[in-house]
Structure formats: C-alpha cells, structure tokens
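Reading the structure
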Amino acid sequence: MSYVDEVIDMVVAKNPAQPEFHQAVKEVLESLRVVIEANEETYRKEALLERLVNPERQIIFRVPWVDDKGQVQVNTGYRVQFNSAIGPYKGGLRLHPSVNIGIIKFLGFEQIFKNSLTGLPIGGGKGGSDFDPKGKSDREVMAFCQSFMTELSKYIGADTDVPAGDIGTGAREIGYMFGQYKKIRGLYEGVLTGKGLSYGGSLARTEATGYGLLYITEEMLKCNGSDIKGKTIAVSGAGNVAIYAIQKAQQLGGKPVTCSDSTGWIYDPEGIDVELLKEIKEVKRARLTEYAAARKSAEYHEGKGVWSVKCDIALPCATQNELNLDDAKALVANGCIAVCEGANMPTTLDATEYLQKNGVWFIPGKAANAGGVATSALEMSQNSERLSWTFEEVDGKLQNIMVNIFHNLDDAAKKYGMEGNYVAGANIAGFLKVADAMTAQGIV
Ligand code: NDP
Ligand code: 2IT
C-alpha cells in the first residue's frame, strides 16, 4: 500500500467520528501523492506524514459562566496547536454550537497550509467553543469570553500562539478576550489579532478576508483571459467574509446578487445593498428577513438555495460543506465559470471534483481566504514594532500577497503536471515549505 493510503487509513482509524478532519486530510494527501511518491523513502523514514497529521498539542477545557438569570452554564473550550514548523501557531477561534474537536482539527490542519501559502512566518492552529453568541446579551458574551480566556491564557502568547476571529468571534469577542488576557498575564502584547483600532488592531483586517478573496479571484480570472467586471456573483453567508467580499466585488465592477444566513437567503437581482447588509448584520445583529423588509428588489427564501441562482462566479463564504454535488451540478448547468472559497472547506470533495471536471476554475479556501490570516500576520508585525500602518499600506501588501499566492499555486500545479488544478497547486506549494522546515528541525 502506498504511504499516502496508509496514512489516510491510519487517520480514519485513529480519529473516529471526525468526518470533517478525515475530509480535510484526504483532500490534502490525495493531491500530494506525486510529491510524496517522489520522496517516499525519506518521508516514510522520517514519519513526516504521521507527524503532519498529528497535532503538536490539543487543549480541551471547561468554560463555566453565569447567564443573565443567574444560572451557571458550562461550555467546552478547544485550542489545537497543530504545527509550529514555520512560526508561532496562528488561527481563529470559532464560537458555534456545532464546534467539536474534529471540526477544530480540520480547521487547524487546513490552517497549516494556508499560513504557509501566505509566505509569512506563521504556524497552524485553531480553537473555539460550542458556545453560541447568538441571542446572548453583551454581558453574557463577556462572561463567556472572560472564562474562556482565563484558561486559554495559560497556553498562548505573542510569540507562541496568536488566536483571532472566525465564525461567531468578531470585534466584540476579541475585545473581551484581550482585556481578560491583559488582566491575567499583565502583558500588553499582540496575543490576539482582529483587535479594535484603539488598542492595537490593524486597519484593513476587518475587510481582509473578503477583499483578499476578490483580489485572488481577479488575478486568476485575468490569467485566464477574463475579469470580474460585469459578472453576476452568487455569495453565501452574511458575516465578516461575505460582507467584504460583496463590497470588493462591487468595487471591481461585479454584481453580487445573493447572500445567506443559517435561516434563509436573499436574492436581490439589482445587486446586494452592502450598507444595508452591514447595518443589519454588524450593528443590529438581526436576521436577513430585515433586509428583504427594507428593500423592494429583494426576495427572501427560507432554507438553503443561493447556488440555484444563475451566476458567473460563486463565492461560498459561510461554512464547511455548504456546496454539495447537487449544488455543483446546478452551478455548471447555469454556466458558472469560477468557484472561489471564502469559507474553509465549503465545497464537498465530490462537488469539487465535479466542478473541476466540468472546466470550472476552482480556488480552494486555503488559498482564496488566506488574506485574513495574512493581514493578521501584518497586525502582528505592527504590534511588534509598536507602529500602525495606513489602510493603503496594509491593503497594498494584502493585494501583493494574494497575487503571489495565485502564482505560487499556479506554478506548483504546472510544475507537477496538473496545470489549472489549483487544489493540487495550493496543497503542494503549502506543503513543501512546511515539510522542508520540519525536516530541517529534526524529530521534534
Ligand atoms: P461570521 O460568523 O461573521 O459569519 C458566518 C456566516 O455564515 C453567517 O452569515 C452565518 O449565519 C453563516 N453560517 C455559519 N454557520 C452556518 C451553518 N452551519 N449553516 C448555515 N449558515 C451558517 O463568520 P466569518 O464570516 O468570519 O466566517 C465565514 C467562513 O469563513 C468560515 O468558514 C470561516 O472559517 C472562514 N474564514 C474566516 C476568516 C475571517 O477572517 N473571519 C478568515 C478565513 C476564513 P448565522 O449568523 O445565521 O449563523
Ligand atoms: O480561517 C482563518 O484563516 C481565520 N479565521 C483567520 C485566522 C487569523 O489568525 O486571522
């Protein structure tokens, strides 16, 4: 049996009931096959793949907090410190009721390659909790965040592990967590990114994931003789990534016509009103029904459905496995030319394969959404030198990073005989740097 197959089997056997983690490992290792086979003896002897798929450290802890009725609630907190070969662990904190160790491991595993692709010195990690911030008062969110950080603070630091936002963790949560870290550790340092601008945050971090997604999409289209101008775009999600993807798509002359949340979705043939969407989601923290109520041109539909709309470009920006084989078939039938993932692993493996086989350009999340973590690394740099850069400076660096990522993965795909396969290109380019650093540092 080949080394890759052995390791995939081992991951499935040793990590039962973690389907998302299995999926992420399979996607990466399958496309590394050519690279691994070329060096099989060395990699096998070093157990490089076994080390790659086993997190360096997994921390699971109790998070007790008191709700507004005086009732004690108990959640579970996680931080998976996956791989520190190329830098301190870096990755977001997800707060969502679906969070479990398998989800955090899939996200942490993806983060290793994503962070490598940015070209910046950051290792892979991820964390979070099954806490649901939705419907909680600010005081309850603060109580949770303080309790969560009381424990997490023992394991993180500006040079060891630097968490950030993800689903359910935005500026409010990062603020409460930063305050608690400072109180407990007595350190004013860049231990978290995505901070507010008044206490060490970076300009353009809020926009970075969505903007970066559009910068890489534009570069990919340009290199294939197309561009965003005049294109109809289907976007899913209505959170941080989706909002700024919609905004940048409009700035580049595209027309995003959809967005969604966990209860329903909007079709607005005149183009999404991004200011209205921001007001509803960032300020009021309300549902998308309010968008439809405030805008004549918009239709609201319950449930799932953005991929049924005719579009040229699809940008899944909500969550994992939200675009399945049926959705991929609908997109192809409707003439979609490109799918670029703003979320982490939003497309199922069979859907990805179908899209690629049918000539749809497909950029995986670990490349397409890397602008967020890249800008987090720029926030770390600014914190280290105790300076803040202008919006234009950060945004300019972000654009360069995204253009470089595209060319790295495009070149890697070509070099290994898989031209146009950006999934393989991203995995190979991300892997080679990490593997080289792991080998150089010996068995640790
Ligand atoms: P937010 O919490 O800001 O927004 C998430 C959006 O997706 C919301 O509209 C939410 O709807 C919807 N959503 C979440 N979970 C589900 C679900 N299970 N089913 C249906 N809809 C769902 O998160 P972000 O925008 O930050 O993150 C979105 C994706 O992008 C995630 O995959 C994340 O890992 C990834 N990502 C985020 C980065 C960042 O910098 N923030 C960087 C790189 C990737 P509702 O509010 O109703 O739950
Ligand atoms: O998935 C991701 O890359 C993020 N949620 C952002 C991580 C970060 O450290 O900014």
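Going by the structure above, here's the rest.
One structure accompanies this document, and this report is about it. Because the structure is a prediction, the values reported are computed rather than measured.

**Some remarks on the overall build of the protein chain**
- Helix and strand content of the protein chain: 17 helices and 13 strands.
- For the protein chain, the spread of C-alpha atoms along the three principal axes comes to 60 × 55 × 45 Å.
- In the protein chain, which comprises 444 residues, the share counted as buried stands at 58%.
- Long-range contacts, defined here as pairs at least 24 residues apart, represent 72% of the contacts in the protein chain between residues at least 6 apart.
- When the accessible surface of the protein chain is split by element, carbon and sulfur atoms take 50% of a total near 17,300 Å².
- One finds the centroid of the 47 positive side-chain charges in the protein chain at a distance of 4 Å from the centroid of its 55 negative side-chain charges.

**Quick look at the environment of L349**
- Summarising the element assignment, L349 is placed in helix α13 (residues 349-357).
- A residue is classified by how much of its surface remains accessible, and L349, at 35% relative accessible area, is partly exposed.
- L349 sits 26 residues away from L323 along the chain, and the two C-alpha atoms are 9.8 Å apart.
- If we ignore the near neighbours within four places in the chain, the residues touching L349 are Q23, K26 and E27.

**Thoughts on the site of ligand 2**
- Around ligand 2 lies a shell of 14 residues, among which K90, K114, D166, R205 and S376 are the nearest.
- A distance of 3.0 Å separates an oxygen atom of ligand 2 from a polar atom in the side chain of N344.
- The separation between an oxygen atom of ligand 2 and a polar side-chain atom of S376 is 2.5 Å.
- In the complex, 94% of the free accessible area of ligand 2, which totals 290 Å², lies under the protein chains.
- Across the shell around ligand 2, the residue classes break down as 2 nonpolar, 7 polar and 5 charged.

**Some remarks on the nonpolar core**
- Counting residues in hydrophobic clusters, the biggest one holds 60 residues, and the most contacted among them are L277, Y291, L315, I363 and I405.
- Examining the composition of this core, we find that 8 residues originate from one element, helix α8 (residues 205-223), more than from any other.
- When neighbours within four sequence positions are excluded, L277 is seen to be in contact with A238, I243, I246, C259, I272, E282, L288 and Y291.
- One finds I8, V28, A435 and M438 within the second-largest nonpolar core, a separate group that totals 41 residues.

Rules and cut-offs
- Residues numbered from 1 in each chain as written.
- Chains lettered and ligands numbered in written order.
- Predicted model: local features only at pLDDT ≥ 70, side-chain atom pairs only at ≥ 80, totals over all residues.
- Heavy atoms only, no water.
- Helix = DSSP H or I, 4+ residues; strand = E, 2+ residues; numbered from the N terminus.
- Buried < 20%, exposed > 50% of the residue type's maximum accessible area, 1.4 Å probe, protein only.
- Contact = heavy atoms within 4.5 Å.
- Areas by Shrake-Rupley, 256 points an atom, 1.4 Å probe, with all protein chains shown as cover.
- Lys, Arg positive; Asp, Glu negative; His and termini not counted.
- Charge placed at Lys NZ, Arg CZ, Asp CG, Glu CD.
- Near = heavy atom within 4 Å.
- Polar contact = N/O pair within 3.5 Å; in protein donor to acceptor, adjacent residues only side chain to side chain.
- Nonpolar A, V, L, I, M, F, W, Y, C, P; charged D, E, K, R; others polar.
- Core = buried A, V, L, I, M, F, W, Y, C linked by side-chain atoms within 4.5 Å.

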